[in-house]
Amino acid sequence: MHVNRVSRARKQATMALAVSALLGGALGLAAPASAAPKAPDAPAADCSDAYKIEQTVDGGTTWRMCWHYNTLSGLILDKISYQPKGEAKPIPVLTSARLAQVHVPYDDGEAEYDDVTGTDFGQALQNLSPGECPGGTIKTVKVPHRGDVKGLCTTTRARGHAYRLNDDESTGGTGKVYTGQGKDLLVYTVNKASWYEYITEWRFSSDGTITSNVGATGSLSPYDYDGGDSRGWPIGKGDQAKAESHAHNVFWRLNFGLDGSPKAKVEQYDSTVTPPTGQGSPTTKTTRTKVTKELAGDRKDMRWWRVVSGAGKNKDGHPRSYEIVPGASNKHAGRPFTKHDVYFTEYKKCEQYASNNIGCPAGTPSSVDKWVNGQSLTHPITWVHIGFHHIARDEDQQPMPVHWQGFSLAARDVTAMSPLTPQDLAGQNGQPPTGG
């Protein structure tokens with residue numbers, strides 16, 4: 001079983017490492033056609049036009065960032081900053097953001113892949129047609145041993161309502177309806193890993209939200225139609241060919257640089273609901289736990305985490321932060337590194353991939369779970385894990401509709417008010433008027 005993909009994966013991993021070695025290190029980088037390679041996980045040196053992405057969206061919000069391309073993990077975004085209307089200068093948010101692994105174990109236990117570091121994921125950047133980047137620009141990436149690939153799309157896309165408020169006259173308001181439609185900056189690539197194609201997408205919204213999704217499409221492996229009872233699903237006529245079920249465990253690596261400093265703090269919040277006694281109502285208490293040492297965190301109802309700036313505050317005097325908002329996830333317990341939903345580790349340059357990590361000295365643990373060893377957090381790196389258990393269906397052929405998994409980073413106290421506040425309401429900072 002799986003012989004074709006296994007041999008292909010080994011061959012591709014060998015090729016990726018060979019390419020990296022040719023570039024002078026285990027983390028080889030591919031630059032635009034007009035620029036030279038940069039050091040791993042570092043901002044582009046000058047953020048010249050070849051590397052620059054800048055876009056103003058609704059409400060006057062401007063996003064700026066640099067990019068470079070890694071021959072293993074693909075697109076990396078650097079020096080991401082956010083400047084809403086009313087802010088005199090850009091607010092640095094992330095030093096770098098990248099895909100850190102797509103781990104794919106099959107349900108029968110006979111095949112398991114790390115699609116980022118175990119296949120030619122970065123090498124197999126796909127050319128995009130204009131129709132795949134509607135209204136946008138396709139940037140050219142120079143990929144070693146392949147040449148120029150028109151593979152990076154930057155465009156904008158409507159997302160629907162950004163806000164709505166009926167300032168109702170019955171409560172003392174003006175009767176005016178305030179409403180606005182949102183538009184996101186969208187940055188994405190498509191990379192092929194064996195039969196699958198992965199769309200790595202980053203969205204930047206006018207209210208400061210950053211969202212990343214990975215969409216899996218392409219084809220089901222034609223060599224994996226031998227799933228036994230409880231491990232596959234019949235695809236096609238009758239009940240003979242059962243597509244093998246498998247998981248997609250996707251990891252992202254986020255290096256925050258809020259207000260231009262890596263010295264961030266991490267906090268965990270938990271809310272506990274107490275049922276009412278007698279005729280009362282339930283009460284809820286929220287507690288904050290300062291995460292001062294490395295953490296392997298697990299999702300729980302009414303639990304969330306935020307990364308807090310150690311260098312800046314908004315105009316209300318509140319520390320700027322970003323809240324981690326995970327999307328729907330199926331946690332896969334088959335490996336230690338897939339047993340947790342979020343990790344916070346102390347920065348180490350060589351720790352780039354959540355599993356099958358490449359580039360650390362020999363003898364160094366190769367997965368993110370083993371990097372959590374009690375070290376104090378002064379420069380935390382955030383790892384987000386979102387899982388999907390793919391039990392195939394007839395509709396998955398052919399080609400396979402995209403299935404998405406991802407997370408968001410929500411701005412929390414980055415600005416003193418919503419950056420989209422209409423001018424008429426700009427004075428309502430704090431408790432709004434209660435009417436007459």
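To keep things clear, this report deals only with the structure shown in the data block. Computed from a prediction, not measured in an experiment: that's the story for all the values here. (Residues numbered from 1 in each chain as written. Predicted model: local features only at pLDDT ≥ 70, side-chain atom pairs only at ≥ 80, totals over all residues. Heavy atoms only, no water.)

### Here's the deal with empty space enclosed by the protein
Counted under the stated rule, the structure contains 1 cavity of 30 Å³ or more. What lines the largest cavity is simply Y106, L220, S221, D224, Y225, A243, E244 and H246. Taken together, the residues of the lining of the largest cavity break down into 4 nonpolar, 2 polar and 2 charged. (1 Å grid on protein atoms, 1.4 Å probe; cavity = no way out; pocket = protein on both sides within 12 Å on 5 of 7 lines; lining within 4 Å. Points joined across faces, edges and corners; volume = space filled by probe spheres on them. Nonpolar A, V, L, I, M, F, W, Y, C, P; charged D, E, K, R; others polar.)

### Describing the pairing of strand β15 (residues 265-274)
Two elements, β15 and strand β18 (residues 303-313), share 6 bridges in a ladder whose sense is antiparallel. Residue pairing across strands places Y269 opposite W304, the latter belonging to β18. Pairing of β15 with strand β16 (residues 283-291) involves 9 bridges; the strand directions are antiparallel. Following the sheet pairing, S271 is matched in β16 by T286. (Pairing = 2+ DSSP bridges. Helix = DSSP H or I, 4+ residues; strand = E, 2+ residues; numbered from the N terminus.)

### Quick word on the environment of T287
Here T287 shows up in strand β16. Residue classification places T287 among the partly exposed positions, given a relative accessible area of 37%. Counting along the chain gives 17 residues from T287 to D270, while the straight-line C-alpha distance between them is 5.5 Å. Leave out the neighbours within four places in its chain, and T287 touches Q268, Y269 and D270. (Buried < 20%, exposed > 50% of the residue type's maximum accessible area, 1.4 Å probe, protein only. Contact = heavy atoms within 4.5 Å.)

### Quick notes on the side chain of S212
On the secondary structure map, S212 appears in strand β11 (residues 210-218). Within the local environment of S212, its side chain forms a polar contact with the backbone oxygen of E201, the two atoms lying 3.2 Å apart. At 2.9 Å, the side chain of S212 and the side chain of W252 are in polar contact. Excluding residues that lie within four positions of it along the chain, S212 makes contacts with E201, W202, W252, Q405, G406 and F407. (Polar contact = N/O pair within 3.5 Å; in protein donor to acceptor, adjacent residues only side chain to side chain.)

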